[in-house]
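Okay, here's what each chain looks like letter by letter:
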Amino acid sequence: MLDLAFYIRNLLYNHEVVIIPGLGALLTKYKPAEINTSDNSVTPPSKYIVFNCTLTVTDGVLANYIALQKTISIQEAELYIEREV
């Protein structure tokens, strides 16, 4: 059985925000490429993740994704999330 982090990680590739009901939200932020002329190096663009503990009310994205991936009902996915959190 896959853990909750697996589903969250997959969602973060395509979504800017993943709300984990009762816990908070993970938000991705874009960091553009940087050129350092002093040492002629380039840092590629990237994403970094921040946690927001005030966003705890579900938008259903995580439960819907888990339900689709595990071929279970949304209610079962919500219970799975609740147990994991």
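J.: Can you tell me about the packing of helix H1 (residues 4-14) against helix H2 (residues 61-70), naming the residues and giving the values?
T.: In the contact formed by H1 and H2, the axes pass within 10 Å of each other and the chain directions differ by 110°. Classified by the angle their axes make, H1 and H2 are roughly perpendicular. Touching Leu 4, Tyr 7, Ile 8, Asn 10 and Leu 11 of H1 are Val 61, Leu 62, Tyr 65, Ile 66, Gln 69 and Lys 70, all from H2.

J.: Tell me about the sheet that holds strand E1 (residues 17-20), residues and numbers included.
T.: Pairing between the strands of a sheet comes from backbone hydrogen bonds, and it takes one of two forms, parallel or antiparallel. Sheet architecture is open: three strands sit in the order E1-E2-E5, paired in antiparallel fashion. With one partner strand each, in any of the chains shown, E1 and strand E5 (46-52) form the two edges of the open sheet. Adjacent strand axes in the sheet meet at a mean angle of 20° when their direction is disregarded. Sheet analysis places E1 next to strand E2 (residues 24-31), joined by four bridges and oriented antiparallel.

J.: Can you lay out the nonpolar core for me, pointing to particular residues and giving the numbers?
T.: Grouped together as the largest cluster of nonpolar side chains are 16 residues, with contacts concentrated most on Leu 4, Tyr 7, Ile 8, Leu 62, Ile 66, Tyr 80 and Ile 81. Residue assignment for this core shows that the elements contributing at least two residues are H1, E1, H2 and helix H3 (74-84). Filtering out sequence-adjacent residues up to four positions away, Leu 4 remains in contact with Leu 62, Ile 66, Tyr 80, Ile 81, Glu 84 and Val 85.

Quick notes on the rules
- Residues numbered from 1 in each chain as written.
- Predicted model: local features only at pLDDT ≥ 70, side-chain atom pairs only at ≥ 80, totals over all residues.
- Heavy atoms only, no water.
- Axes fitted to C-alpha atoms, helices over the stretch in contact; angles between N-to-C directions.
- Helix = DSSP H or I, 4+ residues; strand = E, 2+ residues; numbered from the N terminus.
- Parallel < 35°, antiparallel > 145°, perpendicular 65-115°, else oblique.
- Contact = heavy atoms within 4.5 Å.
- Pairing = 2+ DSSP bridges.
- Core = buried A, V, L, I, M, F, W, Y, C linked by side-chain atoms within 4.5 Å.
- Buried < 20%, exposed > 50% of the residue type's maximum accessible area, 1.4 Å probe, protein only.

The quantities given are spatial measurements derived from coordinates; they are silent on function.
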